[in-house]
Amino acid sequence: MGGLSMDQSFVQAPEHRPKPTVTEATGIPLIDLSPLTAGDAAAVDALAAEIGAASRDWGFFVVTGHGVPAEAVARATAAQRAFFALPAERKAAVRRSEAAPLGYYESEHTKNVRDWKEVFDLVPREPPPPAAVADGELVFENKWPEDLPGFREALEEYARAMEELAFRILELIARSLNLRPDRLHGFFKDQTTFIRLNHYPPCPSPDLALGVGRHKDAGALTILYQDDVGGLDVRRRSDGEWVRVKPVPNSFIINVGDLIQVWSNDRYESAEHRVSVNSAKERFSMPYFFNPASYTMVEPVEELVSEEDPPRYDAYNWGDFFSTRKNSNFKKLSVENIQIAHFKKTVTA
Ligand SMILES: O=C(O)CCC(=O)C(=O)O
Ligand SMILES: [Fe+2]
């Protein structure tokens, strides 16, 4: 199934293997966004406060009443299933390469261990192609599979719905930090957002492998669709325990990424998460990674720093960070991959 066969490259170190039973998370905030449509100012303030608390305490929350049409989600997930059901050679025809990193891939590594999954990456907005490709320059052109009717249209429709939702959540996050509602919008003018289709085939050794190894999402926000199988685990901040995020119909999981952690000067924290697999059922998920322009210099926003609360990070370039991280996902390297902790200022007492 899915063409993966279990070997040593998938085996997690003993301390990172999932326990046979993972506790189902209770207390992950479930937030109804429908007050946004009604537009009542007090209700929107209350919503922002709720999102602020969730971003601070969990870095993860689930939204309902989000306004994304159920038909758009249904068309996108049907397209996803149709793609992964294609024969291996048709998927290989749109395989990603080091220079052209979009499309199909079945050998991603997280922290140097291979993930039990296959993926398809696409960008909602293709940057203009470079006039001449310099050595080492990446080409972000979508690779659409041939003869898969409706695939491209379904994903383009889904991408538009996700962008609308992403800006709404970004605005609520800005409000929750007492910033101007559109304070963070400018970073997304030439965004590097991408959508990933994930397929986790049944795994013969779910006790040894993971669908995605433990990690934090590097971008601003992740909006994740998951099917009803379950497998996403979050490390609970209160006690460090891994807990399973229960699938909720017609919802999306919102994941605060590293960029919001830095912009907020650690008021909010991106949560560590991973994907467990199982031997009986395949699982599908679809994250939308909302990422800023590659030229963005990432640092705590000036309204959130002061003499008493100085910036906790040195500025870093998003494009450089992201391509370094991507490179480490592409193959097994012998070094630790790049993390925002590397830009954390050392506090001198
Ligand atoms: O499949 C999932 O539920 C989450 C996947 C994920 O964390 C990722 O692709 O970054
Ligand atoms: Fe993730």
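Residues numbered from 1 in each chain as written. Chains lettered and ligands numbered in written order. Predicted model: local features only at pLDDT ≥ 70, side-chain atom pairs only at ≥ 80, totals over all residues. Heavy atoms only, no water.

### Comments concerning the coordination of the iron ion (ligand 2)
Of the protein atoms, only His215 (NE2), Asp217 (OD) and His273 (NE2) coordinate the iron ion (ligand 2), at distances of 2.1 to 2.2 Å. Mapped onto the polypeptide sequence, the residues donating to the iron ion (ligand 2) form the spacing pattern H-x1-D-x55-H. In this pair, the class of His215 matches that of Asp217, namely buried. (Donors = N, O, S within 2.8 Å, 3.2 Å for Na, K, Ca; no water. Buried < 20%, exposed > 50% of the residue type's maximum accessible area, 1.4 Å probe, protein only.)

### Let's talk about empty space enclosed by the protein
On inspection of all chains with the given rule, the structure shows one cavity of 30 Å³ or more. Here the largest cavity is characterised by a volume of approximately 490 Å³. If you trace the largest cavity, you find 33 residues lining it, with Arg196, Val212, His215, Asp217 and Phe289 closest to the centre. Mapped by element, the contributors of at least two residues to the lining of the largest cavity are strand S8 (194–200), strand S9 (212–215), strand S10 (221–226), strand S13 (252–256), strand S14 (273–275), strand S15 (283–290) and helix H7 (318–330). Residue composition of the lining of the largest cavity, grouped by class: 13 nonpolar, 11 polar and nine charged. (1 Å grid on protein atoms, 1.4 Å probe; cavity = no way out; pocket = protein on both sides within 12 Å on 5 of 7 lines; lining within 4 Å. Points joined across faces, edges and corners; volume = space filled by probe spheres on them. Helix = DSSP H or I, 4+ residues; strand = E, 2+ residues; numbered from the N terminus. Nonpolar A, V, L, I, M, F, W, Y, C, P; charged D, E, K, R; others polar.)

### Quick notes on the site of ligand 1
Taken together, the neighbourhood of ligand 1 is formed by Asn198, Tyr200, His215, Asp217, Leu224, Leu232, His273, Val275, Arg283, Ser285, Pro287 and Phe289. At a separation of 3.1 Å, an oxygen atom of ligand 1 approaches a polar side-chain atom of His215. Measuring from an oxygen atom of ligand 1, one finds a side-chain N or O atom of Ser285 at 2.6 Å. Look at ligand 1: alone it shows 290 Å² of surface, and the protein chains cover 96% of it. Placement of ligand 1 is best described as lying within the largest cavity. (Near = heavy atom within 4 Å. Polar contact = N/O pair within 3.5 Å; in protein donor to acceptor, adjacent residues only side chain to side chain. Areas by Shrake-Rupley, 256 points an atom, 1.4 Å probe, with all protein chains shown as cover. Sits in = over half its atoms within 2 Å of the grid points.)

### Regarding the layout of surface pockets
One number sums up the size of the second largest pocket: a volume of about 310 Å³. Of all the secondary-structure elements, those providing two or more residues to the lining of the second largest pocket are helix H3 (70–84), S10 and S13. Of the residues forming the lining of the second largest pocket, the biggest block, three residues, is contributed by S10. The class makeup of the residues in the lining of the second largest pocket is 11 nonpolar, four polar and three charged.

### With respect to the sheet that holds strand S11 (residues 232–235)
Strand order in the open sheet formed by five strands is S1-S12-S11-S14-S9, with mixed pairing between adjacent strands. The sheet terminates laterally at strand S1 (23–24) and S9, the two strands that pair on one side only. Bridge analysis of S11 against S14 gives three bridges, and the strand direction is antiparallel. Paired with Asp233 across the two strands is Arg274, which belongs to S14. (Pairing = 2+ DSSP bridges.)

### Looking at helix H2 (residues 41–57)
Taking 1.5 Å of rise per residue, 17 residues should cover 24 Å, and H2 covers 24 Å from first to last C-alpha, within 8% of that figure. Every buried residue belonging to H2 is among Val44, Leu47, Ala48, Ile51, Gly52, Ala54 and Ser55, and all of these are buried. Take H2 and look down its axis: the buried residues cluster within an arc of 165°, on one side only. Along H2, exposed side chains directed more than 90 degrees from the buried face belong to Ala42 and Ala49. Where H2 is buried, its residues touch strand S2 (30–32), helix H1 (35–38), strand S3 (60–64), helix H5 (151–176) and S13. The positive-phi residue at the C-terminal boundary of H2 is Gly59, with phi of around 70°. (Expected span 1.5 Å × (residues − 1). Arc of directions from axis to C-beta. Contact = heavy atoms within 4.5 Å.)

### So, the side chain of Glu163
Locating Glu163 in the fold gives a position in helix H5. On the basis of relative accessibility, which here comes to 18%, the residue Glu163 falls in the buried class. Excluding anything up to four places from it in sequence, Glu163 contacts Arg125, Gln191 and Tyr288.

### Concerning the confidence of the model for the chain
Residues at a pLDDT of 70 or more form 93% of the chain, whose mean pLDDT is 92. Note on the complex model: pTM 0.94, ipTM 0.99. (pLDDT = per-residue confidence, 0-100.)

### A short note on the sheet that holds S3
Taken in spatial order, the eight strands make up an open sheet running S2-S3-S13-S10-S15-S8-S7-S4, and their pairing is mixed. In this open sheet, the two edge strands, each paired with only one partner strand, are S2 and strand S4 (103–105). On average, each strand axis in the sheet is tilted by 25° relative to the strand beside it, whichever way the strands run. As judged from the five bridges shared by S8 and S15, these two strands associate in the antiparallel manner. Looking at S15, one finds that Asn198 is bridged to Ser285. In this fold H2 packs onto S2, S3 and S13, with an angle of close to 160° to the strand it touches most, S2. (Axes fitted to C-alpha atoms, helices over the stretch in contact; angles between N-to-C directions.)

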